[in-house]
Amino acid sequence: MTKPLNIGLIGYGFMGRTHSNAYRQVSKFFDLEYQPVLKACCARNEEKIKEFAENWGWESYETDWRKLIARDDIDAIDIGSPNNTHYEMALAAAEAGKMILCEKPLAMDVAQAEAMTAAVEKAGVANMVWYNYRRVPAITLAHQLVKEGRIGRPFHYRATYLQDWTIAEDVPQGGATLWRLDAAVAGSGVTGDLLAHSIDTAIWLNGPITSVSAATETFVKERMHQDTGEMQPVSIDDACMFLARFENGSMGTFESSRYARGRKNYNTFEMNGEDGSVFFDLEDPQILQFFEYANPTTGKKVEDHLTGWRRIHVTNFEHPYMDRWWVPGCTIGYEHTFTNALSDFLKGLETGEPAQPTFRDALQTQKVCDAVLESARERIWIDIN
Ligand SMILES: NC(=O)C1=CN([C@@H]2O[C@H](COP(=O)(O)OP(=O)(O)OC[C@H]3O[C@@H](n4cnc5c(N)ncnc54)[C@H](OP(=O)(O)O)[C@@H]3O)[C@@H](O)[C@H]2O)C=CC1
Ligand SMILES: O=C1CO[C@H](CO)[C@@H](O)[C@@H]1O
């Protein structure tokens, strides 16, 4: 028996499109009890949201998110609008008893994230944050290998997340499309926008981060505001590097920048353990690299003339999510990570085992982001509880 789940989506931008695509696809590829219904979408610009609703097949639209949340025919609110809107929308949705799927970063800061987590837990509503890279099959496989003990005791975690789209000094800041350069809307620069993804993945693979020491830089100090045309100081971190200590005793380095010429969405991590290592690069998204020194099943240690890194092409039915898509060897892409995430959320409703990351998981990522920014400001190590 299938159950309809009426979705109310906020935002028609980049994420509005990936989420709409996921709602349309998920029931076609995954066997699920809950079937999303594209009930209503919402944004302030009526012309644009109307066109979006027609294009993606949403049944109706609203121009005020409060009205969307108040509707009796909506079961779940999906927040795909800029970071400074997440808090108010999530609190109102929880208060109205709606399930919530919220974009990352969960909030502008830890205080907001704590209140949002408390609100969904008090209301008892299902909740998830769209940290979609966990659902790249190669990254999910890395998680599986680590949990199977295949890399043994972890020593090092190394993450980079690089882009290059803000190098030119005449890129304006603020306004409808460049809100990522305005800390009042984004909360921070690369730390909340890009490193939040790296931190989410790192905590998932390697456990809690207990302390950080960071440095940030703002290379272009003033930019023209997109709406007013006035030159204003730049309020965000353009680049951020930090050292981390993990609860399991391993050490981490994280680097992110929007000034890495040639890098468009370069998201990598490597984890080195006593018995093996894993490496992933989003520019080569079907591949998980794995170095095996000791096999946990046989106990055999390997270091001979055939020893080397394996490039596992993560496209077989045995690999995470892949039995739901095409035949072995046929690849999937960026948009599928959102469909995979949504299928996990819907499966969680069915089984009662909540899909991760929940708001509580994302709160932990927010704590690391805030600690990183504080450490960079104060030039000291910061502990995270
Ligand atoms: N998981 C991931 O990998 C990614 C996550 N994100 C996250 O998703 C969120 C949205 O980013 P993105 O899609 O790129 O942003 P866009 O700028 O592309 O779109 C933002 C949308 O939000 C709408 N919006 C803004 N303010 C309001 C409001 N007050 N009420 C209703 N709608 C509003 C805008 O429409 P209008 O102005 O007409 O109201 C627009 O449709 C961010 O939190 C971002 O960090 C983004 C990219 C990737
Ligand atoms: O994953 C992502 C890709 O880059 C975007 C910025 O350009 C981020 O906002 C986003 O989270």
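Nothing here was measured: the structure is a model prediction, and the numbers come from that model. (Residues numbered from 1 in each chain as written. Chains lettered and ligands numbered in written order. Predicted model: local features only at pLDDT ≥ 70, side-chain atom pairs only at ≥ 80, totals over all residues.)

1. Some points on the site of ligand 2
For ligand 2, the full set of nearby residues is Gln163, Asp193, His197 and Asn265. Across the shell around ligand 2, the residue classes tally to no nonpolar, three polar and one charged. (Near = placed C-beta within 6 Å. Nonpolar A, V, L, I, M, F, W, Y, C, P; charged D, E, K, R; others polar.)

2. Some words on the UniProt feature "domain: Gfo/Idh/MocA-like oxidoreductase N-terminal" (unreviewed entry) in the protein chain
Per the UniProt annotation, the sites labelled "domain: Gfo/Idh/MocA-like oxidoreductase N-terminal" (unreviewed entry) are residues 5–129. When the span residues 5–129 is considered, its composition is 48% helix and 23% strand, and the gap between its end C-alpha atoms is 18 Å. (UniProt positions renumbered as here; feature names shortened; annotations may be inferred. Helix = DSSP H or I, 4+ residues; strand = E, 2+ residues; numbered from the N terminus.)

3. Side note on the pairing of strand β5 (residues 99–102)
Side chains Met99 and Leu101 of β5 all project onto a buried face; the interleaved residues Ile100 and Cys102 project onto the opposite face, where all are buried too. Where strand β4 (residues 76–79) meets β5, four bridges bridge the pair, whose relative direction is parallel. Residue pairing for β5: Ile77 is matched across the bridge by Ile100. Crossover handedness for the path β4 to helix α4 (residues 83–95) to β5: right-handed. Viewed along the sheet, the connection from β5 through helix α5 (residues 110–123) into strand β6 (residues 127–129) turns out right-handed. (Buried ≥ 20, exposed ≤ 12 C-beta atoms within 10 Å, placed from the backbone. Pairing = 2+ DSSP bridges. Right-handed = clockwise from strand over helix to strand, strands pointing away.)

4. Some words on the sheet that holds strand β15 (residues 287–292)
Strand order across the open sheet formed by nine strands is β16-β15-β14-β13-β7-β12-β11-β8-β17, with mixed pairing between neighbours. Only two strands of the sheet have a single partner each, and these edge strands are β16 (309–313) and β17 (382–383). In terms of strand pairing, strand β7 (residues 154–162) meets strand β12 (residues 251–257) through seven bridges, oriented parallel. The residue bridging Ala159 from the neighbouring strand is Phe254, located in β12. Against the sheet, helix α8 (residues 190–206) engages β7, β8 (209–217), β11 (239–246), β12 and β13 (266–273), with an angle of about 155° to β7. (Contact = placed C-beta atoms within 7 Å. Axes fitted to C-alpha atoms, helices over the stretch in contact; angles between N-to-C directions.)

5. Observations regarding the environment of Met224
Among the structural elements, Met224 can be located in strand β9 (residues 222–224). For the pair formed by Met224 and Cys369, sequence separation is 145 residues and the distance between their alpha carbons is 27 Å. Residues within four places of Met224 in sequence aside, it is in contact with Pro172, Gly229, Glu230 and Met231.

6. Considerations on the packing of helix α6 (residues 137–147) against α8
For the pair α6 and α8, the least separation of the axes is 9 Å and the interaxial angle reads 30°. The orientation of α6 with respect to α8, classified from their angle, is roughly parallel. Residues Ile139, Ala142, His143 and Val146 of α6 pack against Thr201, Trp204 and Leu205 of α8. Across the contact of α6 with α8, the residue classes break down as five nonpolar, two polar and no charged. (Parallel < 35°, antiparallel > 145°, perpendicular 65-115°, else oblique.)

7. Remarks on the UniProt feature "domain: GFO/IDH/MocA-like oxidoreductase" (unreviewed entry) in the protein chain
UniProt tags residues 142–278 as "domain: GFO/IDH/MocA-like oxidoreductase" (unreviewed entry). Span residues 142–278 is 20% helix and 36% strand, its end C-alpha atoms 7 Å apart.

8. A closer look at the site of ligand 1
The environment of ligand 1 is made up of 25 residues, and the closest members are Gly13, Phe14, Arg44, Asn45 and Glu103. Contributions of two or more residues to the shell around ligand 1 are made by α1 (14–29) and α4. The biggest single contributor to the shell around ligand 1 is α1, with three residues. Looking at which domains feed residues into the shell around ligand 1, each of domain 1 (3–133) and domain 2 (134–383) gives three or more. (Domains from an automatic or database assignment.)

9. Points about helix α9 (residues 334–351)
Between the first and last C-alpha of α9 there are 27 Å, a value that for 18 residues agrees with the 26 Å anticipated at 1.5 Å per step. For α9, the complete set of buried residues consists of His336, Thr337, Phe338, Thr339, Asn340, Ala341, Leu342, Ser343, Phe345 and Leu346. Looking at the residues trailing α9, positive phi occurs at Gly352, about 85°. (Expected span 1.5 Å × (residues − 1).)

10. Focus on the confidence of the model for the protein chain
Low-confidence regions, as indicated by low pLDDT, have predicted coordinates that should not be scrutinised in detail. Overall, the predicted model of the protein chain reaches an average pLDDT of 97, with 100% of residues at or above 70. Across the whole predicted complex the pTM is 0.98, and at the interface the ipTM reaches 0.99. (pLDDT = per-residue confidence, 0-100.)

11. With respect to the domain arrangement of the protein chain
Segmenting the protein chain into domains produces domain 1 (3–133) and domain 2 (134–383). Of note, the centres of domain 1 and domain 2, computed from C-alpha atoms alone, are 23 Å apart. Contacts between domain 1 and domain 2 engage 36 residues on the former and 42 residues on the latter. Those elements that provide at least two residues to the side of domain 1 that touches domain 2 are α1, α4, α5 and β6.

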